[in-house]
Amino acid sequence: MRQSIDRREFLKLAGLGGAVFASGLAGGAKFAGAAESDFYFVQLSDTHWGFNGPVVNPDAGGTLPKAVAAVNSLGFEPDFIVFTGDLTHTTDDPKERRRRLAEFRDIVKGLKNKNVRFLAGEHDAALDNGQAWKEFFGPSYYSFDHKGVHFVALDNVSDPAARIGGEQLAWLKSDLAKQAADARIVVFAHRPLFDLYPQWDWATRDGAQAIDLLMPHKNVTVFYGHIHQEHHQMTGHIAHHSAKSLIFPLPAPGSQPKREPIRWDPAQPYKGLGFRGIDAEVQEADYEITEYPVKRA
Amino acid sequence: MNSQRRRLLAAGVAAVAFGAVAFAQPKEKVIRVTARKWVFLPREIRLKKGVPVVLEFVTADVVMGFNAPDFKVRADIIPGQVARVRLVPDKTGTFVFLCDIFCGDGHEGMSGQIHVVA
């Protein structure tokens, strides 16, 4: 009988069988097949805490807590968790904005893993240049290193015009200058850095400048949110992966005249919502993505 | 005639000629659009392919943006100022324009359409 299980194998099995394998691993089984430097992180996005729209999500107040519970029950411990923006739904009232941010923070305190990173979305930050968001979560752009990968979190939302801005771009240039050309670099952002579909505001006005700075590096992958659906696109050798939302899905880019939330399907509750796990294989600079639903079947 | 007078006369002739040319050019149509929380008025703009127009934008609310990505024109709309963009539609069809400066609770629905006919 095997004493341990390879993490990738576990993920495949979990995808097929779900909770049985997860609960079986809860007793502390180790991922012996994984190289020491490989690791796993979880991305959640666009939780829009405070949103009220029963037609698109009658469980707006319950979806985030369910997602927190789902992450806690993955059956193994991710190295860290990242939220890629729009933690809260926008409000013109600064007091209400802070109330929503506080409630969001308190809910995600329920995550068993305490190594949690945050990014802002335009709903959180664009109306006050990120002031309230920073009160709760600190600097809106930063970098950190984890097991051989250099992570960069960009803020392309605190400027209401969706610009990264000269100051942050200069910081990015300086940050990247310390990285070798073949360094493993992962970028987190809220909005797409490329012009995905500007007609629906799915772009960053000066995102091309950030991509230009990243281009000399051979191994760059971007994980972002904003568009409430999975989307995968290359700009040159740089891969961009958008995540699902945890409040409502949006239609595929340009697939209909207006960008309107997809209605809740009572026959398939939480359809189109979810979070993802990313299995980082550092040597290969490979990131295997596993999509998870809000609620396990 | 001394050289200074010749220069003045030449300048005067040139000014008259320039004025005549300017006067002879058909005046471009101006369409005024009001941006307010959270709507453009009018929402629908009808244009003819190849016929230039000037779009004028005003707002009394907060800073907003006009962006018509299919025509690569945009402008900041600042309270108390008139923003102008010149647009020469080079294709027919229906195209989206939107506010591209996050301006409040209803920002994401703030868009309109440009209809261009042959």
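Computed from a predicted structure; not experimentally measured. Each chain carries its own residue numbering, running from 1 in the direction its sequence is written. All chains are assigned letters beginning with A, and all ligands numbers beginning with 1, in the order in which they are written. For a predicted model such as this one, the threshold for reporting local features is a pLDDT of at least 70, and the threshold for listing and counting side-chain atom pairs is 80 or more; totals across whole chains, interfaces and linings nevertheless cover every residue.

1. What to know about the overall build of chain A
Helix and strand counts for chain A stand at eight helices and 11 strands. Each residue is classed by its C-beta neighbour count within 10 Å, where at least 20 other C-beta atoms makes it buried, 12 or fewer makes it exposed, and intermediate counts make it partly exposed; the C-beta atoms are placed from backbone geometry. Counting the 297 residues in chain A, one finds 44% classified as buried. For chain A, long-range pairs separated by at least 24 residues make up 73% of all intrachain contacts whose partners lie at least 6 apart in sequence. Secondary structure is summarised from DSSP: a helix means a run of H or I of at least four residues, a strand means a run of E of at least two, and numbering begins at the N terminus for each. The contact criterion used is a C-beta to C-beta distance within 7 Å, with each C-beta placed from the backbone.

2. Focus: the sheet that holds strand β4 (residues 142–146) of chain A
All names here are of chain A. The mixed open sheet is built from six strands, whose spatial order is β4-β5-β6-β7-β9-β8. Edge strands, defined here as strands with exactly one partner in the open sheet, are β4 and β8 (231–235). Averaged over all pairs of adjacent strands, the angle between their axes in this sheet comes to 20°, without regard to strand direction. Here, a strand pair is defined by DSSP locating no fewer than two bridges between the strands. Across five bridges, strand β5 (residues 149–153) lies against strand β6 (residues 184–188) in parallel orientation. For Val 152, the partnering residue across the bridge sits in β6 and is Val 187. Throughout, an axis means a line fitted to C-alpha atoms (over the contacting stretch in the case of helices), and angles, computed between N-to-C directions, take values from 0 to 180 degrees.

3. Quick word on the nonpolar core
Any set of buried Ala, Val, Leu, Ile, Met, Phe, Trp, Tyr and Cys residues joined through C-beta atoms within 7 Å is what this text calls a nonpolar core. Residues A:Phe41, A:Ala67, A:Leu154, A:Val187, A:Phe188 and A:Leu246 are the most contacted members of the largest nonpolar core, which totals 82 residues. Not counting residues up to four positions away in its chain, the partners in contact with A:Leu246 are A:Leu44, A:Asp46, A:Thr47, A:Thr63, A:Leu64, A:Ala67, A:Leu273, A:Phe275 and A:Val294.

4. As for the sheet that holds strand β1 (residues 39–44) of chain A
All names here are of chain A. A sheet is described by the order of its strands in space; here five strands give the open sequence β3-β2-β1-β10-β11, paired in mixed fashion. Only two strands of the sheet have a single partner each, and these edge strands are β3 (116–119) and β11 (286–292). In this sheet, adjacent strand axes meet at a mean angle of 20° when their direction is disregarded. The pairing of β1 with strand β10 (residues 275–281) spans five bridges and is classified as antiparallel. Across the sheet, Gln 43 pairs through a bridge with Arg 276, a residue of β10.

5. Some remarks on helix α3 (residues 60–72) of chain A
Residues and elements named next belong to chain A. Those residues of α3 not exposed but buried are Ala 60, Thr 63, Leu 64, Ala 67, Val 68 and Val 71. Buried residues in α3, looked at end-on, bunch into an arc of 130°, giving them a common side. On its buried face, α3 is in contact with β1, β2 (80–84), α4 (94–108) and β10. By arc we mean the arc of the directions from the helix axis to the C-beta atoms, nothing more.

6. Brief notes about the confidence of the model for chain A
Low-confidence regions, as indicated by low pLDDT, have predicted coordinates that should not be scrutinised in detail. All names here are of chain A. Note: pLDDT gives the predictor's confidence per residue, expressed from 0 to 100. Summing up the model confidence of chain A, the mean pLDDT is 89 and the portion of residues at 70 or higher is 87%. Confidence drops under a pLDDT of 50 for residues 1–5, and excluding neighbours within four residues, the segment shows seven contacts in the predicted structure. With pLDDT under 50 throughout, residues 13–34 is counted as low confidence; its partners more than four residues away or in other chains account for 30 contacts.

7. Some points on the packing of helix α7 (residues 166–177) of chain A against helix α8 (residues 207–214) of chain A
Residue and element names in this part refer to chain A. α8 packs onto α7 with a crossing angle of 10° between their chain directions and a minimal axis gap of 10 Å. Between α7 and α8, the interaxial angle falls into the category roughly parallel. Across the interface between the two elements, Leu 169, Leu 172, Lys 173 and Leu 176 from α7 touch Gln 209, Ala 210 and Leu 213 from α8. Gly is put with the polar residues, along with every residue not named as nonpolar or charged; the nonpolar set is Ala, Val, Leu, Ile, Met, Phe, Trp, Tyr, Cys and Pro, and the charged set is Asp, Glu, Lys and Arg. The class makeup of the residues in the contact of α7 with α8 is five nonpolar, one polar and one charged. Angle categories: roughly parallel below 35 degrees, roughly antiparallel above 145, roughly perpendicular from 65 to 115, and oblique for all the rest.

8. Quick word on unusual backbone geometry
With an omega of -10°, the peptide bond running from B:Lys37 to B:Trp38 counts as cis. Of note, B:Trp38 is situated in the loop between β1 (29–36) and β2 (39–41). In the segment running from B:Leu41 into B:Pro42, the intervening peptide bond is cis, with an omega of 5°. Its location among the elements puts B:Pro42 in the loop between β2 and β3 (44–48). For A:His226, which is not glycine, the phi torsion reads 75° and is therefore positive. Here A:His226 shows up in the loop between β7 (219–224) and β8. For A:His226, a count of 31 C-beta atoms within 10 Å corresponds to the buried category. Notably, A:His228 is not glycine yet its phi reads approximately 60°, a positive angle. With respect to the secondary-structure elements, A:His228 resides in the loop between β7 and β8.

9. Brief notes about the confidence of the model for chain B
All names here are of chain B. Averaged over chain B, the pLDDT score is 85; the fraction of residues at 70 or greater is 78%. In this model, residues 8–22 is a region of pLDDT below 50 whose contacts with residues beyond four sequence positions or in other chains number zero contacts. For this predicted complex, the interface confidence reaches an ipTM of 0.85, while the overall pTM sits at 0.86.

10. Regarding the environment of A:Ala203
Residues and elements named next belong to chain A. As for its position among the elements, Ala 203 is in the loop between β6 and α8. When the C-alpha atoms of Ala 203 and Ala 177 are compared, they prove to be 25 Å apart, with 26 residues separating the residues in sequence. Residues in contact with Ala 203, not counting those within four places in the same chain, are Arg 191, Pro 192, Asp 195, Leu 196 and Pro 198.

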